[in-house]
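Inside the fold
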Amino acid sequence: MKQSDKQETEKGAGTDKIAKYCTSHSSIFPPLLLALMATAAFLPPAPVLRPRIPTARYRASPICAAASDAPPPDADTDEGEAPRGGRKDRRRVVRIAWEKLVRWSRSWRSRNRSDVLETTRKVVVLGGGSFGTAMAAQVAAKKPDLEVAMLLRDDLVCRSINDRHVNSKYLSEYSLPENIVATTSASEALAGADFCFHAVPVQFSSSFLGSISSYVDPKLPFISLSKGLELNTLRTMSQIIPLALGNPRQPFIVLSGPSFAVELMEKLPTAMVVASKDKKLASAVQQLLASSNLRISTSSDVTGVEIAGALKNVLAIAAGIVEGMHLGNNCMAALVAQGCSEIRWLATKMGAKPTTLSGLSGSGDIMLTCFVNLSRNRNVGLRLGSGEKLGEILDSMNQVAEGVSTAGAVIALAQKYNVKLPVLTAVARIIDNELTPKRAVMELMNLPQVEEV
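Summarised in this report is the structure supplied together with it. (Residues numbered from 1 in each chain as written. Predicted model: local features only at pLDDT ≥ 70, side-chain atom pairs only at ≥ 80, totals over all residues. Heavy atoms only, no water.)

A tally of regular secondary structure across the protein chain gives 21 helices and eight strands. The 453 residues of the protein chain split such that 45% are buried. Pairs at least 24 residues apart make up 73% of the contacts formed inside the protein chain by residues separated by at least 6 positions. Approximately 25000 Å² of the protein chain is accessible, and the part contributed by carbon and sulfur atoms is 54%. (Helix = DSSP H or I, 4+ residues; strand = E, 2+ residues; numbered from the N terminus. Buried < 20%, exposed > 50% of the residue type's maximum accessible area, 1.4 Å probe, protein only. Contact = heavy atoms within 4.5 Å. Areas by Shrake-Rupley, 256 points an atom, 1.4 Å probe, with all protein chains shown as cover.)

The next point concerns unusual backbone geometry. Positive phi is not limited to glycine here, since Leu171 has a value of about 55°. With respect to the element layout, Leu171 can be found in the loop between helix H7 (155-164) and strand S3 (180-183). Here Leu234, not a glycine, exhibits a phi torsion of approximately 65°, which is positive. Looking at the secondary structure, you find Leu234 in the loop between strand S5 (222-224) and helix H10 (237-245).

It is worth spelling out the side chain of Ser226 at this point. In this fold, Ser226 is placed in the loop between S5 and H10. Side-chain polar atoms of Ser226 contact the backbone oxygen of Val200, separated by 2.5 Å. In contact with Ser226, not counting residues within four places along its chain, are His198, Ala199, Val200, Pro201, Val202 and Met237. (Polar contact = N/O pair within 3.5 Å; in protein donor to acceptor, adjacent residues only side chain to side chain.)

A word on the pattern of salt bridges. Scanning all chains against the criterion turns up eight salt bridges. Put simply, Lys122 and Glu147 hold a salt bridge, and the shortest N to O gap is 3.9 Å. Placement of the pair is Lys122 in strand S1 (residues 122-126) and Glu147 in strand S2 (residues 147-151), with a sequence separation of 25 residues. In this structure Glu147 comes out as partly exposed when scored by relative accessible area, which is 36%. A salt bridge links Glu443 to Arg439, with the nearest nitrogen and oxygen atoms 3.3 Å apart. One end of the pair is Glu443 and the other is Arg439, both in helix H21 (residues 437-445) and four residues apart, which spans about a single turn. (Salt bridge = Lys/Arg side-chain N within 4 Å of Asp/Glu carboxyl O.)

Structure (C-alpha cells):
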C-alpha cells in the first residue's frame, strides 16, 4: 500500500472513532458539532486512541472538547461542577467582553461629542406638574448658567420656586436648582428659548397652545412630555402641537419611557427614548438630556412611541382593577399580556414599528405603569376595583390620570382601524359606568377560546 493511501486510511479510522464517540454522547454536544464532523477529513491523521483510564474518563477528543466545557455524564465530577480550568476560562471570556464594551463606549463618546449643551442658553418648560418640574431640574442641573424658565398659571407656585427654589404644589420635598425661574408671562418665558418642553395635560393642550402661539418662534423645537389622545379628535401630541400653533413645520420631538418624576429627582438610574422624524433633532435632544443618571435612546418612530405611551395608561387602570379585586398574580399576568397584544394590534395598524413596542416606550413603560404603586392610572384602577366611585377618586387627586380620558378615545381609534381590543374596551365601559369591574372580568373570561396572535 502506498504511503499516501495508508495515511488516508488512518485518517478515516480516526474520524470514524471521533464520530462514534460524539454520537454516543449526543446529549452533551450541540447539533452544530455534527457539521464540524464534515471537516474532520481535512485534519491531520488522528493518533491511535489508547485504552481509557479512570482518571481521564471525562476527557473527550480534541474536536469534541472544543465544542463544550462540560464533561460527559460519566465524569468524575459532581453534576454542574466545571472541569479544572473551565471556570477560569469563562471568567476570562467575560472580562474580555466587558473590557471591549467599555472601550467601545469610550470610543463612541469621543467620536460623538456634541456642543448642543454648550450652545444652549435657555430652555422653557410649559406646565409646572411633577414631571415638568423633574425635567426642568434635570436640564438645569447639567449647566449652572443655563436659564430654565417654567411657564405656570399659579402665582403662589411661581413665588415659591423663585424665592425658595421649591415647587410648593408638586415634589415640594425637593430643592430645585437656582437657575430655574418661574413666571406666568408667556412672552417672558418663551423669549429667546432654544428648546421647549411641553408638559401640559393632553386634554388642555390645544386651548393652552392657542393662547400662547403668538409668542412661539416657528423654529422652536417642542419636546412633548404629555401622553394621551385628545378625546374629541383622537389626535396625538405630534398632531395637536402644530395645529394649535398654526405651524405644520413646528419641530417636534416626543420623550417617553419608564420614568417616575420622584425617581428623576432622586437621580436614580433611568432610561428614556426621544423620537422625531428629524434624526439630527432627536440626537440634539439626546445630548441635551443625557446624564450619568439618565440614558436617552433615539428613535424615528414617533407614532409607535406616542401610541404606546397613550394606551399603556388605559392598561394600567385595568391592572389596578385586578389588584383592587384581589384576583391574583395569574390573572394580572394574563391581563397585562393581553393588553400588550392589544396595544401592538392597534399601534402596528397605525404604522408603528414592532421593535418600538418592545422597547422603552412600549414594554418598559407598560411594566412600570402596571406594576408600581407610584402610577396614578394604576391607583385609579386599584380604587375602582376596591369599590370606589370614579367621581370620588378623581376629586381626591391633585394630578391628572390621563388614562381616564384616553380610554374612550382609544376605543374610537380602534373602531377607525377595525381592531378589537377586549381589555381596553372593558376599561372604557367601566369608566363610563356602564359595566362593573366584576361583570367585566366575567365577560372577558367568557370570550371565545381562540388562537393566540
